[in-house]
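# An overview of the molecular structure
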Amino acid sequence: MRKGFSISLAVVAVILIGISIWFAKLVWFKPFSIDTFFERVYIEFLWNDPEALSQTGVLEPFGFSEYKNELTSVGTSATNKLAEVGRKNLELLEEYDRNKLTTDQSVSFDVLYWFLETGVAAEPFLFHDYPITHISGAHIELPQFMASVPIKTTEDINHYLNRLSAIQDKFGSVIDALEERRKRGVVPPTHILQKAFSYCNGFYSQPVTENVLYTSFEKRLNSLESLTPSAKQLYLDECAVSVQKNVIPSYKRLSGYLLQLERSSLAIAGVWQLPNGNNYYRSCLLQQTTLNLDPDSLYAFGKMEMGRLKGEIAILKNLAVTPVPKTFNTDSVGRLETINYFSSVITEIQEPLSSYFNRLPTAELSVVEVPKYRAENSTFAFYIPPRGEPLSNGKMYVNSWKANNLTRNLAKTYGYHEGVPGHHLQKGIQADLKNLPTFRRFLPFTAYTEGWAMYAEQLGHEITGTQDIEDRIGLLQSDLFRTARMMTDIGIHHKKWLREQAIDFMVENSGLAVSDATDEVDRYIVWPGQGCAYKVGQIKFLELRKIAETELGSNFDIREFHEVLIGQGAMPLEILETRVMEWIKLKKEQS
């Protein structure tokens, strides 16, 4: 009996040691399974990002909730820590033998390796970006995030109020990030700071009960049937006090710092004027396009594309019945009409989709008006993918406040781009890919996602079989716009264009009004390289389809082809090309 008891203790000890080794491997060292490693990498990147944890819902099944009281720091130490996580995990990933992995694991390996390696290579430029601009940063994104957080229980209410109390620390980390960059000679251009300053002033000047952090909370709170009116009012009073004591002072503090920072800024728009700015721009091009591209060669290609597109548009305009396409009105009736028009574009294309795709997203698509407080600095349309567990609807935001400059034929193409078969179809399917490592469902690759959306513009017209000349002109004008965008991006950051020069170029070559061209140029100024990703991605997707059709002939199946393109989530374009070539080879062997 005693001997048996000793053996049992020994067995338990061995099991505990084994569990300890497994746990140590999981947390600190290289996990035995690469699938486990993939999940750990994702969690590790998000662990210090409470806002991303809320948006993805990745910890919901495990009952963790403390992070729901916190906001994400963007300060210097947080940035350095994130870079350290990338370096460490790249070293661990290199210890796995890729030759021993399954096909799906190999794709995930390649995608993660590219992401980590590119991030490590970009570390010299870790503090070259702009934490605050007129279109991005905590001052804009935090209210959006807070408005997106579900409020269904009293615990959710308390989490929301606790996060309001954390806003002062959040904005403190923003100022820390801006100051670190200032010391390194990285300051946004003067006019960008002035726009951000104006936004902050407008935000904190509103009455408390009209502030979006109050009104969005009030709307969700009033939808709760489990609370009495008096209980709701107590929570609303607490929210109002927090907005007054935490939110408004935070925006005032940031506004004051931006005014001070303006003294260190320049009117020069391009990143070429930053320390090591030319190499920084090439790094941005690589991260945005996922290809090693020479900016001068890319600009020359854009010039040829622009000539082709202008020629085709001129021919079609001579055939068009209506010389001036109809636009939208921006009064209350016109804005509703704009939203309804985009909705009708999405509805029209639904039925024939099954002839082009083997699967469709489970999440639905909602067409939503851009809030008025965001309209001035917002583009015509943009998309927010499904999030959380269960998945929320995908949302296509339409800036109906600016629709007087948007023609209907171009609006249709934008509907295909942002909605279906563009961003919503691709990102909605990606959100459904539960069989993939979690990081594969969320990693951003701009050239892939925007390249697909550009390809989808053409595909949308193909699916609906439209023969309308105006629609064809709208498609070509969208392409011309993205080509001009690419050339402008390169012009600003590589060819040292002035802001005014870039605006004039966009007006002359993209068909935009001066106000819209100004908005576009200011966007490229603060997101270097991003304007090139659309056209580069589009060309790659069109090229891969042409290769597949030529190589396979009658064996080409459009649904299978699209499954290869978007059935494994976003990835660098080189990896995507490898997947397509392997599929072509397999199809040939099977025929």
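Residues numbered from 1 in each chain as written. Predicted model: local features only at pLDDT ≥ 70, side-chain atom pairs only at ≥ 80, totals over all residues. Heavy atoms only, no water.

## So, the overall build of the protein
Per the secondary structure count, the protein includes 24 helices and three strands. Since a compact globule built from 591 residues should have a radius of gyration of about 25 Å, the 26 Å found for the protein is in line with a globular shape. Each principal axis of the C-alpha atoms in the protein carries an extent, and together these give about 100 × 70 × 55 Å. When the 591 residues of the protein are sorted by exposure, 54% land in the buried category. Summarising the internal contacts of the protein: among those between residues at least 6 apart in sequence, 79% fall at separations of at least 24. Surface accessibility of the protein: about 26800 Å² in total, with carbon and sulfur atoms responsible for 54%. Between the mean site of the 61 positive side-chain charges and the mean site of the 70 negative ones, the protein shows a separation of 2 Å. (Helix = DSSP H or I, 4+ residues; strand = E, 2+ residues; numbered from the N terminus. Rg over C-alpha atoms; globule rule 2.2 N^0.38 Å. Buried < 20%, exposed > 50% of the residue type's maximum accessible area, 1.4 Å probe, protein only. Contact = heavy atoms within 4.5 Å. Areas by Shrake-Rupley, 256 points an atom, 1.4 Å probe, with all protein chains shown as cover. Lys, Arg positive; Asp, Glu negative; His and termini not counted. Charge placed at Lys NZ, Arg CZ, Asp CG, Glu CD.)

## Here's the deal with helix α18 (residues 446-464)
An ideal rise of 1.5 Å per residue puts 27 Å on 19 residues; α18 measures up with 26 Å between its terminal C-alpha atoms. The sharpest bend along α18 reaches about 30° and sits at Glu457. Counting buried residues in α18 gives 16 out of 19 residues, a clear majority hidden from the surface. Immediately downstream of α18, the backbone of Gly465 shows phi near 65°, a positive value. (Expected span 1.5 Å × (residues − 1). Bend = angle between axes of the 7 residues up to and from the residue.)

## Remarks on the sheet that holds strand β2 (residues 381-384)
Spatially, three strands are ordered β1-β3-β2 in an open sheet, and the strand pairing comes out mixed. Each edge of the sheet is formed by a strand with only one pairing partner; in this case those strands are β1 (365-369) and β2. Recorded for the sheet is a direction-independent mean angle of 25° between the axes of neighbouring strands. Sheet analysis places β2 next to strand β3 (residues 394-398), joined by four bridges and oriented antiparallel. (Pairing = 2+ DSSP bridges. Axes fitted to C-alpha atoms, helices over the stretch in contact; angles between N-to-C directions.)

## Describing unusual backbone geometry
In the segment running from Val420 into Pro421, the intervening peptide bond is cis, with an omega of 10°. Looking at the secondary structure, you find Pro421 in the loop between α16 (408-418) and α17 (423-432). With a phi close to 55°, Asn276 is a non-glycine residue in the positive phi region. Relative to the helices and strands, Asn276 resides in the loop between α11 (229-261) and α12 (277-289). Non-glycine residue Thr290 carries a positive phi angle of around 65°.

## Some thoughts on the packing of helix α6 (residues 138-148) against helix α8 (residues 167-183)
One way to put it is that α6 packs onto α8 with a least axis distance of 11 Å and a crossing angle of 150°. Once α6 is placed against α8, the crossing between them reads as right-handed. The residues of α8 that touch α6, namely those facing Ala138, His139 and Leu142, are Ile167, Lys170, Phe171 and Val174. Classifying every residue of the contact of α6 with α8 gives five nonpolar, one polar and one charged. (Left-handed = near helix turned anticlockwise from the far one by under 90°. Nonpolar A, V, L, I, M, F, W, Y, C, P; charged D, E, K, R; others polar.)

## Digging into the nonpolar core
With 122 residues, the main nonpolar core has Phe37, Phe357, Tyr448, Trp452, Phe561 and Leu565 as its most contacted residues. Among the elements that take part in this core, helix α19 (residues 469-493) stands out by supplying nine residues, more than any other. Counting residues in each nonpolar core, the second largest holds 46 residues, with Leu161, Leu178, Ala196 and Leu221 among its members. (Core = buried A, V, L, I, M, F, W, Y, C linked by side-chain atoms within 4.5 Å.)

## A closer look at the pattern of salt bridges
One pass over the structure, following the stated rule, counts 30 salt bridges. Salt-bridge contacts for Arg308 lead to Glu305; the nearest nitrogen and oxygen are separated by 3.0 Å. In this pair, Arg308 and Glu305 both sit in helix α13 (residues 295-319), three residues apart, roughly one turn of the helix. Under the relative-accessibility criterion, Glu305 is labelled buried at 11%. Counted as one network, the salt bridges with shared partners bring together Glu305, Arg308, Glu312, Arg472, Asp479 and Lys535. (Salt bridge = Lys/Arg side-chain N within 4 Å of Asp/Glu carboxyl O.)

## Some points on the packing of aromatic side chains
A complete count under the given rule lists 26 aromatic pairs for this structure. Judged by centre distance (5.7 Å) and plane angle (65°), the ring pair of Trp114 and Phe445 falls under edge-to-face. Taken together, the residues Trp114 in helix α5 (residues 103-121) and Phe445 in the loop between α17 and α18 connect sequence positions 331 residues apart. Geometrically, the ring pair formed by Phe125 and Tyr280 is tilted, given 5.5 Å between the ring centres and 45° between the ring planes. One end of the pair, Phe125, is in the loop between α5 and α6; the other, Tyr280, is in helix α12, and 155 residues separate them in sequence. A relative accessible area of 8% places Tyr280 in the buried class. One aromatic cluster in this structure is built from Phe357, Tyr448, Trp452, Tyr455 and Phe541. Looking at Arg485, its charged tip hangs above the ring of Tyr534, at a distance of 4.3 Å from the centre. Positioned above the aromatic ring of Trp272, the side-chain terminus of Lys496 is 4.9 Å from the ring centre. (Phe/Tyr/Trp six-rings, centres within 6.5 Å; stacked < 30°, edge-to-face > 60°. Lys NZ or Arg CZ within 6 Å of the ring centre and 35° of its normal.)

## Regarding the side chain of Thr290
Its place among the elements puts Thr290 in the loop between α12 and α13. For Thr290, a relative accessible area of 1% gives the class buried. Within the structure, the side chain of Thr290 is placed 3.0 Å from the backbone nitrogen of Leu573, a separation counted as a polar contact. (Polar contact = N/O pair within 3.5 Å; in protein donor to acceptor, adjacent residues only side chain to side chain.)

## Comments concerning the pairing of β3
When you tally the buried positions in β3, you get four out of five residues, the bulk of the element. Bridge count for β1 against β3 is five bridges, and the pairing is parallel. Counted as the bridge partner of Glu369 is Val398 from β3.

## Notes on the environment of Gln477
For Gln477, the position within the fold is in helix α19. Residue Gln477 is classed as partly exposed on the basis of its relative accessible area, which comes to 21%. Taking C-alpha positions, Gln477 is 7.3 Å from Leu410, a pair spaced 67 residues apart along the chain. Setting aside anything within four residues of it in sequence, one finds Gln477 in contact with Ile313, Lys317, Asn409 and Leu410.

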